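One-letter residues, chain by chain:
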Amino acid sequence: MTTLTFDSLNPATGEIVGSHPKQTPDAVHQVVGRAEEAAAWWAAIGPGERKRRLLDYKAVLTQNLKDLARLVHEETGKPVGDATLEIVLAITHLDWAARNADKVLRRRRVNTGMIGLNLAATLEYLPLGVVGVIGPWNYPVFTPMGSISYALAAGNAVVFKPSELTPGIGVRLAELFAEAVPEQPVFQTVTGLGETGAALAADPRVKKVAFTGSTATAKRVMAACAENLTPIVAECGGKDAFIVDADADLGKAADACLWGAMSNAGQTCVGVERVYVVDAVYESFMRELSDRVTKVKAGEDYGPITMPAQVDIIKRHIDDAAKSGKVVTGGPSAVRAPYVDPVIVEDVPEDSPAVREETFGPTITVRRTRDAHEALELANATAYGLGGTVFSRNTRRAMELARMMRSGMTAINSVISFAGVPALPFGGVGDSGFGRIHGADGLREFTRPKAISRQRFAMPGMNLTSFNRGPAELERLIRLVTFLHGRRKR
């Protein structure tokens, strides 16, 4: 039987980068079966051996960094420098996960309290088995490896379904893993379109799915997972806000704002899309921003829009914003597919699509606010809640604003910096999804907690879990509980 294939294209040139099989549900089923066997072996070799092999994988990735970056460049259109940066970040996360998994997940004793004085208790985190990872096209290495690395370090096997726009890099990541870990297919990649991903999510042997993509697609993946009560961690994009306080370093703020908004052609889930600037420094900040944006060029500083359908969404948002707000740079003429020039629009109403919906392009809206607290209120008035930024020289106020921002992560006097700290969890709230990757939380995300209690000795006169329990034992329990918990705190 002939295997159907599909092509991955260079979005900047339209040239074919590679051809890959459209793997059927039956093919996915076979891959998951191999993963299930590999998962048992991977869990059994223990954390020390897993660490050694994962560090070998890290070395193999590093040795192939230039080739990987070139492939990412070809499949996404992003500059090689940006592709290199994303792979370097993925390598640092893999290193952290490998080195910290045992410490985070190993068995530990738990205090049993007075009622359980005769017990010993332990808690540990055990592998799930097979984890399915469904990855995006905008950061085809860094984003899925944020799940893959931590799932592997936690003792699971992984089946990865990359985006149909970037299948080649997904295949290569698994091939390089096999060089470091040749014994068993612990990390495999399946390629195809939506049917392939749906088959992976629906397989009952997949014990957790890590998904990155749109909110609408996440809901469909969740529906597939619901048939088997398969848990899911979902990262679904955002509409991230950038707050500029009255005492901010405006030059640094403008520089960070521009990079956060325009790098990767704005195709960053934690990229800057909405900017709120305190009135006292608004004009000065806009001068800084306007001067800098003239030096940023589509096709040079950032690449094309990778997914052709996204151009229509970007154009719709720009057209609407230009009608209702004041164009600072760009405007409707900025869209020249597959590229979009930088777009900045002021005074766009908060209920407009450019402010409410994820644009995923090199565009920002800027609004003047009375003070930082009004900026925070506007920043939080969204269904999304992924990342955000605060620029202020006042550390206490900046921390207050960051903590109160309705987001999973916030950067202060920097942009997207939290993504580069492996110990910090990454994820959102609301329409931005739930669950966490990265850090200790990311390791635990791909495990099941195992609690064990063991009776060390019988409690004299306190056999409470028996039909032989008498009134005297119940009275002793009441006196003990009253002594421990009966006094009010004033």
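Residue indices begin from 1 for each chain and proceed along its sequence in written order. Per-residue local features of the predicted model are confined to residues with pLDDT of at least 70, and side-chain atom pairs are confined, for both listing and counting, to 80 or more; whole-chain, interface and lining totals are unaffected and use all residues. Only hydrogens and water are set aside; all other atoms, that is, all heavy atoms of the structure, feed into the side-chain values.

Colleague: Explanation requested: the sheet that holds strand β3 (residues 108–110) in the structure shown.
Modeller: Within a beta sheet, neighbouring strands are joined by backbone hydrogen bonds and run either parallel or antiparallel to one another. Reading across the sheet, the three strands line up as β3-β4-β20 and stay open at both edges, with antiparallel pairing between neighbours. If you trace the sheet from one side to the other, it starts and ends with β3 and β20 (447–455), each paired once. Across the sheet, the mean angle from the axis of one strand to that of its neighbour is 30 degrees, orientation sign disregarded. In terms of strand pairing, strand β4 (residues 119–127) meets β20 through nine bridges, oriented antiparallel. Among the inter-strand pairings, Pro127 is bridged to a residue of β20, identified as Thr447. DSSP-based pairing: two strands are paired if at least 2 bridges between them are found. Each helix is a run of H or I in the DSSP string that is no shorter than four residues. Each strand is a run of E no shorter than two, and both are numbered from the N terminus. Every axis in this analysis is a line fitted to C-alpha atoms, fitted for helices over the stretch in contact. Angles between the N-to-C directions lie between 0 and 180 degrees.

Colleague: Sorry if this is basic, but what is going on with unusual backbone geometry here?
Modeller: Residues apart from glycine generally show negative phi values, whereas peptide bonds are mostly found in trans. Backbone torsion omega between Ala337 and Pro338 reads 10 degrees, so that peptide bond is classified as cis. Positionally, Pro338 belongs in the loop between β13 (335–336) and β14 (339–340). Positioned with a positive phi, Asp347 is a non-glycine residue whose angle comes to about 55 degrees. Along the chain, Asp347 falls in the loop between β15 (343–346) and α12 (353–356). Categorising residues by exposure relies on relative accessible area from a 1.4 Å probe, with only protein chains included: less than 20% of the type maximum marks a residue as buried, more than 50% marks it as exposed, and the intermediate range marks it as partly exposed. Look at Asp347 and you get partly exposed, because its relative accessible area is 48%.

Colleague: Which parts of the structure should I look at to understand the packing of aromatic side chains?
Modeller: Each pair of aromatic rings is reported with the distance of its centres and the angle of its planes. Think of it this way: a Phe, Tyr or Trp ring, Trp meaning its six-membered ring, pairs with another when their centres are within 6.5 Å, and the plane angle makes it stacked under 30 degrees, edge-to-face over 60, tilted otherwise. For the coordinates displayed, the defined rule picks out eight aromatic pairs. Centre to centre, the rings of Tyr57 and Phe177 are 5.0 Å apart; their planes meet at 80 degrees, and the pair counts as edge-to-face. One end of the pair, Tyr57, is in helix α2 (residues 46–63); the other, Phe177, is in helix α6 (residues 167–180), with 120 residues separating them in the sequence. The exposure classification of Tyr57 matches that of Phe177, with both residues buried. Ring geometry for Trp96 and Tyr150: centres 6.2 Å apart, planes at 35 degrees, overall tilted. One end of the pair, Trp96, is in helix α4 (residues 80–105); the other, Tyr150, is in helix α5 (residues 142–153), with 54 residues separating them in the sequence. The exposure class of Trp96 is buried, given its relative accessible area of 18%. Since its relative accessible area comes to 0%, Tyr150 is described here as buried. Through pairs of rings, three or more aromatic residues link up here, namely Trp41, Trp42, Tyr57, Phe177 and Phe187.

Colleague: I keep staring at the side chain of Glu445 and nothing clicks. Help me out?
Modeller: The topology assignment puts Glu445 in helix α15 (residues 439–445). A distance of 2.8 Å separates a polar atom in the side chain of Glu445 from the backbone nitrogen of Arg436. Excluding residues that lie within four positions of it along the chain, Glu445 makes contacts with Leu128, Lys208, Val233, Gly435 and Arg436. Two N or O atoms form a polar contact when they lie within 3.5 Å of each other; inside protein one atom must be a possible hydrogen donor and the other a possible acceptor, and for residues adjacent in sequence the pair counts only when both atoms belong to side chains. Residues are treated as being in contact if the distance between any of their heavy atoms lies within 4.5 Å.

Colleague: Would you take a moment to explain the pairing of strand β8 (residues 206–212) for this structure?
Modeller: Look at any regular strand and the pattern is simple: side chains alternate between the two faces of the sheet. Most of β8 is tucked away: six of the seven residues are buried. Across five bridges, strand β5 (residues 130–134) lies against β8 in parallel orientation. When the bridges of β8 are listed, Val131 appears paired with Lys208. Two strands pair when backbone bridges link them, and β8 and strand β9 (residues 232–235) are joined in this way by four bridges, in the parallel orientation. Note on β9: the bridge partner recorded for Phe211 is Ala234. A right-handed crossover is one whose linking path, passing over the helix from the first strand to the second, runs clockwise when the strands point away from the viewer. Each parallel crossover has a hand, and the one from β8 via helix α8 (residues 215–226) to β9 is right-handed.

Colleague: Even after reading the chapter, I still don't get the layout of surface pockets, so can you show me in this structure?
Modeller: The method is simple in principle: a probe with the dimensions of a water molecule rolls over the atoms, and the space it marks as empty is what remains. Cavities and pockets are defined on a 1 Å grid built over the protein atoms alone: a cavity is a set of grid points where a 1.4 Å probe fits but cannot escape, while a pocket is an open set with protein on both sides within 12 Å along at least five of seven lines, and lining residues are those with an atom within 4 Å of any such point. Grid points are joined across faces, edges and corners, and a volume is the space filled by probe spheres set on the points. Looking at the largest pocket, its volume works out to about 940 Å³. Every residue lining the largest pocket is counted, 38 residues in all, and those nearest its centre are Trp137, Phe211, Gly213, Ser214 and Thr217. The set of elements that each furnish at least two residues to the lining of the largest pocket consists of α7 (194–202), β8, α8 and α11 (308–324). The space that makes up the second largest pocket amounts to roughly 360 Å³. For the lining of the second largest pocket, the secondary structure elements donating two or more residues are α4 and α5. The element that contributes the greatest number of residues to the lining of the second largest pocket is α4, accounting for four residues. Of the residues belonging to the lining of the second largest pocket, the class tally is twelve nonpolar, six polar and three charged. Amino acid classes used here: Ala, Val, Leu, Ile, Met, Phe, Trp, Tyr, Cys and Pro are nonpolar; Asp, Glu, Lys and Arg are charged; the rest, including Gly, are polar.

Colleague: Whenever I open this one, helix α13 (residues 372–380) confuses me. Can you help?
Modeller: An α-helix turns once every 3.6 residues. As a result, residues three or four positions apart point the same way. What α13 keeps buried is the set Ala372, Glu374, Ala375, Leu376, Leu378 and Ala379. Looking at the buried positions of α13, the neighbouring elements they touch are β10 (240–244), β11 (272–278), β16 (363–369) and α14 (395–404). Where α13 starts, the residue carrying a side-chain oxygen 3.2 Å from the main-chain nitrogen of His373 turns out to be Asp371.

Colleague: Sorry, what's going on with the packing of helix α3 (residues 65–76) against α4 here?
Modeller: Two packed helices can be described by the angle between their axes and the distance between those axes. The N-to-C vectors of α3 and α4 enclose an angle of 125 degrees; their axes lie 8 Å apart at closest approach. When the axes of α3 and α4 are compared, the pair comes out oblique. The interaxial crossing formed by α3 with α4 has right-handed handedness. Taken together, the residues of α4 that come into contact with α3 (itself represented by Leu65, Leu68, Ala69, Val72 and His73) are Val80, Ala83, Thr84, Glu86, Ile87, Val88 and Ile91. Taken together, the residues of the contact of α3 with α4 sort by class into nine nonpolar, two polar and one charged. By definition in this entry, angles of less than 35 degrees are roughly parallel, angles greater than 145 are roughly antiparallel, angles of 65 to 115 are roughly perpendicular, and the rest are oblique. Here is the rule for handedness: rotate from the far helix to the near one, and if that takes an anticlockwise turn smaller than a right angle the crossing is left-handed, while a clockwise turn gives right-handed.

Colleague: Before we go on, may I ask you to explain the sheet that holds strand β6 (residues 157–161) in this structure?
Modeller: The six strands lie next to each other as β7-β6-β5-β8-β9-β19, forming an open sheet whose pairing is mixed. With partners counted over all chains shown, the strands left at the sheet margins are β7 (187–189) and β19 (433–434), one partner each. In this fold helix α1 (residues 25–44) packs onto β5, β6, β7 and β8, with an angle of close to 155 degrees to the strand it touches most, β6.

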